[in-house]
Amino acid sequence: MHENAMTRGESHHTRRLPLLALALSAALVLVATMALLPVSALAMTTNKATARPNEDGGSGVIGAMDTRLTWEGTVGGDEEVSSITLSLPEGATFDHASTRITVLDGLNRTSIDGTATSSGNSVDVQFSEGIPAGSLVRLEITNMQFPADGGDYVVSGSYTTADGQSHALDDSAAITVIANTPLQAAVSWLDAQPWVAAWNSNPFLGMFFKPQLLLTSFASLFPGWLVCLGIVLACYPFAIVLGLAFAMLKTSRHKVLRAIAICYINLLRGTPLFLQIYIMFFGLPMVGINIDNNVLGVIVMAVNSSAYLAEIFRAGIQSIPQGQYEAAASLGMNGFQTMTSIILPQTVRRVIPTVTSDFITSYKDTSLLSSVGVMELMMFSKNLTTTSGNITPYMAAAIYYLIVTLPLIKVVGIIENNIARSERGGGPRPKRRAVAGASQQASKAEEELAASAEVSHAETAKPAADVFAALSAPFVSHPTVDLGGVADGE
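This structure is a prediction, so every number in the text was calculated from the model and none was measured.

Undergrad: It is not clear to me how the overall build of the chain should be interpreted in this structure. Could you clarify?
TA: Of regular secondary structure, the chain possesses 14 helices and 12 strands. Out of the 490 residues belonging to the chain, those deemed buried represent 33%. Of the contacts formed within the chain by residues at least 6 apart in sequence, a portion of 75% connects residues at least 24 apart. When the accessible surface of the chain is summed, it comes to about 28200 Å², and 62% of that surface belongs to carbon and sulfur atoms.

Undergrad: It is not clear to me how the UniProt feature "transmembrane region" (unreviewed entry) in the chain should be interpreted in this structure. Could you clarify?
TA: If you check UniProt for "transmembrane region" (unreviewed entry), the listed places come out as residues 222–249, 261–284 and 394–415 in our numbering. Strand forms 0% of residues 222–249 and helix 100%; the C-alpha atoms that close the span are 41 Å apart. Span residues 261–284 is 92% helix and 0% strand, its end C-alpha atoms 23 Å apart.

Undergrad: For this particular structure, what's the right way to read unusual backbone geometry?
TA: Residues apart from glycine generally show negative phi values, whereas peptide bonds are mostly found in trans. The backbone of His96 shows a phi angle near 65 degrees, a positive value even though the residue is not glycine. Relative to the helices and strands, His96 is located in the loop between strand S3 (81–87) and strand S4 (98–105). Despite not being glycine, Asn143 shows a phi value in the positive range, around 65 degrees. Checked against the element boundaries, Asn143 lands in strand S8 (residues 136–144). Asn143 gets classed as partly exposed once you look at its relative accessible area, which sits at 29%.

Rules used throughout
Residues numbered from 1 in each chain as written. Predicted model: local features only at pLDDT ≥ 70, side-chain atom pairs only at ≥ 80, totals over all residues. Heavy atoms only, no water. Helix = DSSP H or I, 4+ residues; strand = E, 2+ residues; numbered from the N terminus. Buried < 20%, exposed > 50% of the residue type's maximum accessible area, 1.4 Å probe, protein only. Contact = heavy atoms within 4.5 Å. Areas by Shrake-Rupley, 256 points an atom, 1.4 Å probe, with all protein chains shown as cover. UniProt positions renumbered as here; feature names shortened; annotations may be inferred.

Next up, the structure:
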């Protein structure tokens, strides 16, 4: 039995051998057939597509503005490319664009010319001869424009081989385009004006007052201007309080208090603000004190201005006649009441023009904070000038400074004139009345003066109204009392 079983197994194995041989032969025939078939041509690949503004400076691509588009692709194996067509979405335009063709075979440049034909949002480039397989093709298209709405756009298209077959190109990576704004539209309008081109052709005018850059600088510098205003407006109230405090110390009867005030004022007034900024910004971190740059800028400006304001207030206090102190003492006022109700209101009126001038100086001195990295007006101007290679941003910053300083200078003049006129008793000339009317008015005035002389000390406990009236006096006219007069011909 055992022998019969072995005989049956050998017979079954013998029958399977022809089947295996047949399958192996079929596989070999299939491989040989595939090897003899021609390999299908590889498609042309898109390597990259990038865009940059035509003008130097800045990297953002803006819609509806002249842009330089660079497209690169590699020709596939066993192909020769005779033309390439690039396309963008609706709204883009290649009209008035110029195309530069570069063909590289490895590291060697191949001399192949071509003709570019623009048609709306596509451009077709026909080569003078077929571009061989494996070559790198670069198309640099200047003065083209992306859609004005902005967004992410891909460069698509097609290519034609030497045998006349057309194939689609792979889409490029998306190119981010910034939406066009009214500001950019205005710049584009200026670019097209002949007088602007003539203006910019002058070396001085083109470097310092380029209209297109001046317009864009106003928008770019606006955040820095707000920081500049914020610093000076935040620091000046503190500077006024500190200056008034040290002015009081300097006029004190105690030698120690006067010595403290003198050292403080002379030290700050005798050293440059630039040095004080460096000491505060680089010295404080060394002792473990770290403060935000903008806050530290406010502190430095407040401390520096307080020294000058202290001298202004001190001079104003000492300009008040001694008789004012004696009159206050005769009414029973103490030193604090005399200072707050009598001296300071008159002092403030007298120093308003000088304080306003010092405010203008402090506003301009905030430009020194740019040396330590505070992003204020001059820092923005410096960065924009470095990017553009033009001085125009500094001229735009100067205009921003004048927007504040010129009105304040005018205000100072008005205040000075009003104060001088009020101290001279100026005002509208009195109308002429009949003699009888003049007598009645004079009697009434005498009664009012007599009543005011009997005002009790309790009424001086309302200094707020007096201080407000004194502060507002320089801004209003001061008419004289109409006491009447003799009419003409009487």
